[in-house]
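Listed below are the residues making up each chain.
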Amino acid sequence: MAMLIGIDIGGTNLRLGVIESGVGKNAKPKLLEEIRFHADFSGLCKTHPPQQAWQKILATLNDAITSVRTKYPQVLAVGIGFPGFIDPHTQTIAQSPNLPGLRNVDLSQDLNALLGLPVITENDALAAAYGEFIALADKRQHLIYLGLGTGVGGGLILNQQPFQGQNGVAMEVGHIITQANGRICGCGNHGCMEQYASASGVAISYQLATHELCTAAEIARRAQTGDAHAIAAYDLAGRSLAQALAHIIKVIDVTDILIGGGMSAGWPLMQTAFSEQLNADLIPVLRGKVHVHVTQMGDQAGMVGAAMLAMQKL
Ligand SMILES: [Zn+2]
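Residues numbered from 1 in each chain as written. Predicted model: local features only at pLDDT ≥ 70, side-chain atom pairs only at ≥ 80, totals over all residues. Heavy atoms only, no water.

### Things to note about the packing of aromatic side chains
So, step 1. What the rule picks out here adds up to two aromatic pairs.
So, step 2. The lysine or arginine in question, K139, covers the ring of F133, its NZ or CZ lying 5.4 Å from the ring centre. (Phe/Tyr/Trp six-rings, centres within 6.5 Å; stacked < 30°, edge-to-face > 60°. Lys NZ or Arg CZ within 6 Å of the ring centre and 35° of its normal.)

Printed below as a string of C-alpha cells:
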C-alpha cells in the first residue's frame, strides 16, 4: 500500500487528492481527502511572459503539494493530470491550448527538483480515463472515456493501458467536427463537437436561442421544468457527442464507453437524442453492441488516475 498525491489542474483551481493505492494487482485506490486551492494558471499565462508564468505555476504547485505533505508525510509520489499535450517520448508538456505560450516545459522534472519526490505528468482526460478504468470492478480490455466539462476531453485505454498516441494528441475528441461551417472553436476550426456538447457549448446554444447567459447546471434545471430552449440545448449536446463517438467507434472498434466529467450529471437530458443519433450513425454490425455508462467517480477520476499512473512508475 502506498500513499500518493493525485492532482487535477482545472481552469481556476487546483485539486489535490490524497490517495491510498490499495494492495495487489486488482487494488482499488481510495481517495482519503481532497484539498482545493485557487490557481488561475490560464490567467497567469495571459498576463506574464511564458518563463515568468512557468516559475509562478511551479511555485504554486510546490506550495500546495508541500502543505499537503505536511499533513501526509508518507506520500511517495505525485501524479498530475495536465490540460495539454504530453510528449510520449520525453513526458514534457509540448503545448497546452488553455495555457497559451507554454511550450516544451518539463513539469515532472522541475517539480521533482523542488520536492525530491517522483512526479509524473499525463494528459488530464487520459489520467481520468485511467482512474475510471482502475475503479471498474469488471476490467475491460479496452475502454473509451469521454469527459464532459468546460470542454470535452477523451481518453483511450487500450489493452488495459493508457494510449497516448505518437504525439500525445490521441483522442482529442472534442475537436472532431460535427457541424459543417459551425461555431468557431479555440482550436481554430469551425463546428467542433465540444462547441455543442461541453458545458460552455450548452451555454452558447441556450444563449443563442434566448439571449440569456446561464451556466449548464442552471440550463439543466430549466430543462427539467420544461423550458424548450434548455431541452433543445441538451438535445444538441447529446446529438453532437453521438456523432463524434460514431466516428471514433468506426475507426478503433472499441465499444465500451464511459461518460464522466463535471457535466455528466446532465446526461439524462442528453441520453435520448444521443442514443437516436448514435444508432443512426453507426454501421449496422455495431448497432446494439455499444455499451455506454455514466461513471460514478465524477470529477475525482483525474486525481485518482494521475496518482495510480505515478504508482505504476514507482
Ligand atoms: Zn476545435
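### Quick notes on the pattern of salt bridges
Pairing between side chains becomes possible if they bear opposite charge and their charged atoms approach one another.
So, step 1. Tallied over the entire structure, the rule returns twelve salt bridges.
So, step 2. The residue D299 makes a salt bridge to R15 at a minimum N-O spacing of 3.3 Å. A residue pair is termed long-range when its members are at least 10 positions apart, and D299 in the loop between β13 (291–294) and α10 (301–313) and R15 in strand β2 (residues 13–20) qualify at 284 residues.
So, step 3. A salt bridge links R36 to E34; the nearest nitrogen and oxygen atoms lie 3.5 Å apart.
So, step 4. On the basis of relative accessible area, E34 is assigned to the partly exposed category, the value being 28%. (Salt bridge = Lys/Arg side-chain N within 4 Å of Asp/Glu carboxyl O. Helix = DSSP H or I, 4+ residues; strand = E, 2+ residues; numbered from the N terminus. Buried < 20%, exposed > 50% of the residue type's maximum accessible area, 1.4 Å probe, protein only.)

### Describing the coordination of the zinc ion
So, step 1. At this site the zinc ion is bound by H175 (ND1), C185 (SG), C187 (SG) and C192 (SG), with donor distances of 2.1 to 2.3 Å.
So, step 2. With four donor atoms in place around the zinc ion and angles of 103 to 123 degrees between them, the coordination shape is tetrahedral.
So, step 3. With relative accessibility at 27%, the residue H175 sits in the partly exposed group.
So, step 4. Residue classification places C185 among the buried positions, given a relative accessible area of 5%. (Donors = N, O, S within 2.8 Å, 3.2 Å for Na, K, Ca; no water. Tetrahedral: all angles 85-135°; square planar, octahedral: opposite > 155°, others 65-115°.)

### Details of the nonpolar core
So, step 1. By size, the foremost hydrophobic cluster in this structure holds 39 residues, and its most contacted members are I144, I219, L241 and L245.
So, step 2. Counting residues per element, the ones that place at least two in this core are β9 (143–148), β10 (152–158), α6 (199–210), α7 (216–224), α8 (228–252), β12 (256–260) and α9 (267–281).
So, step 3. Looking at this core, the element that brings in the most residues is α8, giving eleven residues.
So, step 4. What L241 contacts, discounting residues up to four positions off in sequence, is L146, L148, V152, M193, A197, I259, W267 and F274. (Core = buried A, V, L, I, M, F, W, Y, C linked by side-chain atoms within 4.5 Å. Contact = heavy atoms within 4.5 Å.)

### A few points about the sheet that holds β12
So, step 1. As summarised here, the arrangement of the five strands in space is β11-β10-β9-β12-β13, forming an open sheet in which the pairing is mixed. Each having just a single partner strand, β11 (161–162) and β13 make up the two edges of the open sheet.
So, step 2. For β10 and β11, the ladder comprises two bridges, and the chain directions are antiparallel. Directly across from I157, in β11, lies its bridge partner P162. (Pairing = 2+ DSSP bridges.)

### Thoughts on unusual backbone geometry
So, step 1. For Q91, which is not glycine, the phi torsion reads 65 degrees and is therefore positive.
So, step 2. By the element assignment, Q91 lies in the loop between β5 (85–86) and β6 (93–95).
So, step 3. In the Ramachandran plot, H211 falls in the positive-phi region, its phi being about 60 degrees despite a non-glycine side chain.
So, step 4. If you trace the backbone, H211 turns up in the loop between α6 and α7.

### What to know about the state of the cysteines
So, step 1. One pass over the structure, following the stated rule, counts zero disulfides.
So, step 2. Unpaired in terms of disulfides, C45 finds its nearest cysteine sulfur in C185, a separation of 19 Å. (Disulfide = S-S within 2.5 Å.)

### Considering the sheet that holds strand β7 (residues 103–105)
So, step 1. Strands sit in the order β5-β6-β7 across an open sheet of three strands; the sheet is antiparallel. Every interior strand has two partners, whereas the edge strands, β5 and β7, have only one.
So, step 2. Where β5 meets β6, two bridges bridge the pair, whose relative direction is antiparallel. In the sheet register, F85 faces β6, and the bridge partner there is Q95.

### Let's talk about the domain arrangement of the protein
So, step 1. Domain annotation of the protein identifies domain 1 (3–129 + 300–313) and domain 2 (139–295).
So, step 2. Contacts between domain 1 and domain 2 engage 14 residues on the former and 18 residues on the latter.
So, step 3. For the domain 1 and domain 2 pair, buried surface summed over both sides reaches about 1200 Å², with 58% attributable to carbon and sulfur atoms.
So, step 4. On the domain 1 side of the interface with domain 2, the three residues burying the most area are F85, L126 and A129, jointly 40% of the side's total.
So, step 5. Counting across the domain 1 and domain 2 interface gives zero salt bridges.
So, step 6. Linking domain 1 to domain 2 there are two residue pairs in polar contact (both at pLDDT 80 or more).
So, step 7. Listed by contribution, the elements that provide at least two residues to the side of domain 1 that touches domain 2 are β5, β8 (119–123), α4 (124–135) and α10. (Domains from an automatic or database assignment. Buried area = accessible area lost by both parts, 1.4 Å probe. Polar contact = N/O pair within 3.5 Å; in protein donor to acceptor, adjacent residues only side chain to side chain.)

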